[in-house]
Amino acid sequence: MAGRLSLPEVDLSCPICCDIFRDPVVLKCSHSFCAGCLQQYWGPAGHSRDCPLCRTESVDEPVASLTLKNLCDSYVQDSGGLEAPPGELYCDPGEMCPLHGERLKLFCLPDKEPICVVCHTSRRHKQHDCCPISEAILDVKEEIKSALSSLQEKKEAFDKMKKNCEDTAAYIQVQAQFVERRTREEFEKLHRFLEAEEEARMEALKAEEEQKSQVMRQRIEEMTDNITALSETIRALEEELALEDISVLHKCKKTMTRANLPVEDPVMAPGVLIDVAKHLGSLKYTVWERMQKIIKYTPVTLDPNTAAPWLVLSDDLTSISDSDDKQKLPDNPERFDPDTGVLGHEGFTSGKHIWSVDVGENTAWVLGVAKESVKRKEKVSSVLKNGYLSVYFYHKMYFAGTSPLTRLSLKRNPQRIRVQLDCDKGRASFYDPQDNTHIYTFKHTLTEKVFPYFWVGCKQSPLMILPQELIVTADDCC
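What you are looking at is a predicted structure, and each value in this text was computed from that prediction instead of being measured. (Residues numbered from 1 in each chain as written. Predicted model: local features only at pLDDT ≥ 70, side-chain atom pairs only at ≥ 80, totals over all residues. Heavy atoms only, no water.)

1. Considerations on the overall build of the protein chain
The line we're drawing: Strands are runs of DSSP state E lasting at least two residues, helices are runs of H or I lasting at least four, and both sets are numbered from the N terminus onward. Burial classification: accessible surface area is computed with a 1.4 Å probe over protein chains only, and a residue below 20% of its type maximum counts as buried, one above 50% as exposed, and the rest as partly exposed. The contact definition used throughout considers only heavy atoms, calling two residues in contact when any of these lie within 4.5 Å. To be clear on the numbers: accessible area is Shrake-Rupley with a 1.4 Å probe, and residue cover counts the displayed protein chains and nothing else. His is not counted, nor are the chain ends, whereas Lys and Arg count as positive and Asp and Glu as negative. Positions of charges follow a simple convention, taking NZ of Lys, CZ of Arg, CG of Asp or CD of Glu.
Secondary structure summary: the protein chain contains eight helices and 19 strands in total. Summarising its shape, the C-alpha atoms of the protein chain cover approximately 190 × 65 × 45 Å along the three principal directions. Looking at the protein chain as a whole, 33% of its 478 residues qualify as buried. Put simply, 58% of the contacts in the protein chain that link residues at least 6 apart link residues at least 24 apart. Within the structure as shown, the protein chain displays about 31,400 Å² of accessible surface, and the carbon and sulfur contribution to it stands at 56%. Seen as two clouds, the 60 positive and the 75 negative side-chain charges of the protein chain have centres 5 Å apart.

2. Remarks on the UniProt feature "coiled-coil region" (unreviewed entry) in the protein chain
Let me state the cut-off plainly: UniProt positions are given in the numbering used here, feature names are shortened, and annotations may be inferred rather than shown by experiment.
Within the UniProt annotation, "coiled-coil region" (unreviewed entry) is assigned to residues 137-240. Across residues 137-240, the secondary structure splits into 100% helix and 0% strand, with the terminal C-alpha atoms separated by 149 Å.

3. Quick word on the packing of helix H5 (residues 133-241) against helix H8 (residues 283-291)
Just so we agree on the cut-off: Every axis in this analysis is a line fitted to C-alpha atoms, fitted for helices over the stretch in contact. Angles between the N-to-C directions lie between 0 and 180 degrees. Orientation is classified from the angle alone, with under 35 degrees giving roughly parallel, over 145 giving roughly antiparallel, 65 to 115 giving roughly perpendicular, and any other angle giving oblique. By definition, turning the near helix anticlockwise from the far helix through less than a right angle yields a left-handed crossing, and turning it clockwise yields a right-handed one. For this classification, the nonpolar set comprises Ala, Val, Leu, Ile, Met, Phe, Trp, Tyr, Cys and Pro, the charged set comprises Asp, Glu, Lys and Arg, and every other residue, Gly included, is treated as polar.
At a minimum axis distance of 11 Å, the contact between H5 and H8 shows a crossing angle of 120°. Viewed along their axes, H5 and H8 adopt a mutual orientation that is oblique. Read as a crossing pair, H5 and H8 show a hand that is right-handed. Counting all contacts with H5, which are made through Leu190, Phe193, Leu194, Glu197 and Arg201, the residues of H8 involved are Leu283, Thr286, Val287, Arg290 and Met291. Among the residues making up the contact of H5 with H8, the classes are represented as six nonpolar, one polar and three charged.

4. Overview of the sheet that holds strand S17 (residues 437-443)
Defined as follows: A pair of strands is considered paired only if DSSP assigns at least 2 bridges between the two.
Taken in spatial order, the seven strands make up an open sheet running S7-S8-S19-S10-S15-S16-S17, and their pairing is antiparallel. One side of each edge strand has no neighbouring strand; the edge strands of this open sheet are strand S7 (311-313) and S17. Averaged over all pairs of adjacent strands, the angle between strand axes in this sheet comes to 20°, irrespective of strand direction. The pairing of strand S10 (residues 352-358) with strand S15 (residues 416-422) spans seven bridges and is classified as antiparallel. Counted as the bridge partner of valine 357 is isoleucine 417 from S15.

5. Section: the sheet that holds strand S6 (residues 130-132)
Pairing is antiparallel in the open sheet, where three strands are placed in the order S5-S4-S6. Single-partner strands in this sheet number two, and they are strand S5 (113-115) and S6. Pairs of neighbouring strands in the sheet enclose a mean axial angle of 35°, with direction left out of account. Across three bridges, strand S4 (residues 106-108) lies against S5 in antiparallel orientation. Bridge pairing in S5 links cysteine 108 to glutamate 113. Taken strand by strand, H5 contacts S4, S5 and S6, and its axis lies near 100° from that of S6.

6. Observations regarding a negative patch on the surface
Spelled out, the test is: Note on patches: the residues involved have over 30% relative accessible area and no salt bridge, like charges join within 9 Å, and the nonpolar side chains Val, Leu, Ile, Met, Phe, Trp and Tyr join within 5 Å. The term salt bridge refers to a pairing of a side-chain nitrogen on Lys or Arg with a carboxyl oxygen on Asp or Glu at a separation within 4 Å.
A contiguous patch of negative charge, built from Glu195, Glu198, Glu199 and Glu203, is present on the exposed surface. Positionally, glutamate 195 belongs in helix H5. When its relative accessible area of 52% is taken as the criterion, glutamate 195 is described as exposed.

7. Quick word on helix H2 (residues 35-42)
Threshold: The arc in question is formed by the directions pointing from the helix axis toward the C-beta atoms.
For H2, the complete set of buried residues consists of Cys37, Leu38, Tyr41 and Trp42. The buried residues of H2 all sit within an arc of 130° when viewed along its axis, so they share a single face. In this structure, the buried residues of H2 make contact with strand S1 (24-26), strand S2 (32-34), S4 and helix H4 (117-121). At the C-terminal side of H2, glycine 43 shows a positive phi close to 90°.

Right under this line is the structure:
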C-alpha cells in the first residue's frame, strides 16, 4: 500500500496504482507508469493520450524502461521474494473506489473528491482537471492550515472580546457603586440643607407663636383688671340703687363720678394671629430659591465613558486633568484612545449654547466642539477637516483648528475661555470672558450632532467647566 511505502518504494512506485512498477514505460515528458495502468487510464480506444500527471499530450508510443524494470526487480528480490499479486495486497477500504473497486489515486479538482483511474475516464470526470492523491493531500493540508490559522485568529479575537466583556461587566459594577455613592452624598447634602431649613422654619414659627401668645396673655390680664374694676363699680351702684332714704343723695355725687370714669371700649389689635401665609406661601419654591445658594449648575457635564484612559475626571464631572498612569478602562467604541480627549455628555443639533472653561495655568489644551462621527481610536489633529471646531494653546501659542492651523495673536493669556455655539447659524465662537475679547469664530454648516470637546496635555493644572448663575422669573402672562 502506498501509505506503507518507504522513501525508496515511493521512488519505485507507479503514480497511478501506487504499487511497485510492473513493466514500466516512460513517456516523452519523462514520467513513468506501469504499462497496464497507462493503457487502462487511456482506455481501449486510446482517444485521450495525455500524461496522467502533467496532462502533456503523448503522440509517440510509450517506451519500455529496462533500467527502471531492473531496479524494481532488484528491489522485490531484496525485499524477500516475489511481489504478491495485486489482488492480494492489503488496502484500506477508504482507499478503494466504491463504484469500480479500484484504488483511489487521483483527486478531481472541480468536484473536490478522490477518484480512481476508471472514474477519470467516465463521463462525470472525463473533462475535469485532476491531480495525484499525494499532491491533493498537500494542497488540502495547506488549505486546512490556512483555514485553521483563520479560525485561530477568530478565536483569539473572540477570546479578546470575551475578556473585554468580562472587564466591562466588572467595570459596570464599579460605575454603579460610584454613582450610588455620589448620589447618596449629594442627597445627603440636600437632606442636611432641608433639615436645617425645616428646623429654622420651626424655630421661627415657635418664636412668632411665643411672641404673639405673650401679647395675648398681657391683653387677657388687662381685660381681667378692667373687668374687676367695672364689677366693683357696678356692685357699688347696685347697692346705692337699693337705698330708700336721703343717703342716696349724699352719695350720688361720688357715685356718679365713679360711674362716669372713662373706660376704653375693648378692641382686638391687628396682626395678633400667626402669619400662616408667610410660613406656607410657595413654601417649596421659597426653599428651592434658597437652595440655589448651595447648588451649582454647570452647562456641560463631562462624559466619563468617552474619556481617554490617561485623563482624570473630578467626581462631579466638571474638571479634567492629564496623568502619567493609564487607567484600566473598557475599550468601548465611545472612548478616545490613544488621544487624550473627552466629550460633554449632551450633544446639540439646534439652538444656542454657551459654556466657559477655566484654563488657569494649563500649558496645553484644546477647546471647542466635535462632531459625533469623529475618529476616536486614532490619534488625529483636532482640526476642522477631522470634524472639530476648536482653538489650541500649545507651546505658548494660540491657534485656530483650521487646515492648516491659523496662528492667533492675543494681547494677553486668558485665564478663561467662553465657547458660544449657534447650531442654527453654524457658528462656533470663542471669547475671553474677562473683557469679552473675541478670539476666533468658525463658520461651518453643521449637518450632524456636535458635542463639547476638551483635550488636555498638562498634568499641573486641570481644565474646569465654570458654573452658571441661574435667574428664575415668574411668567406674568395670564
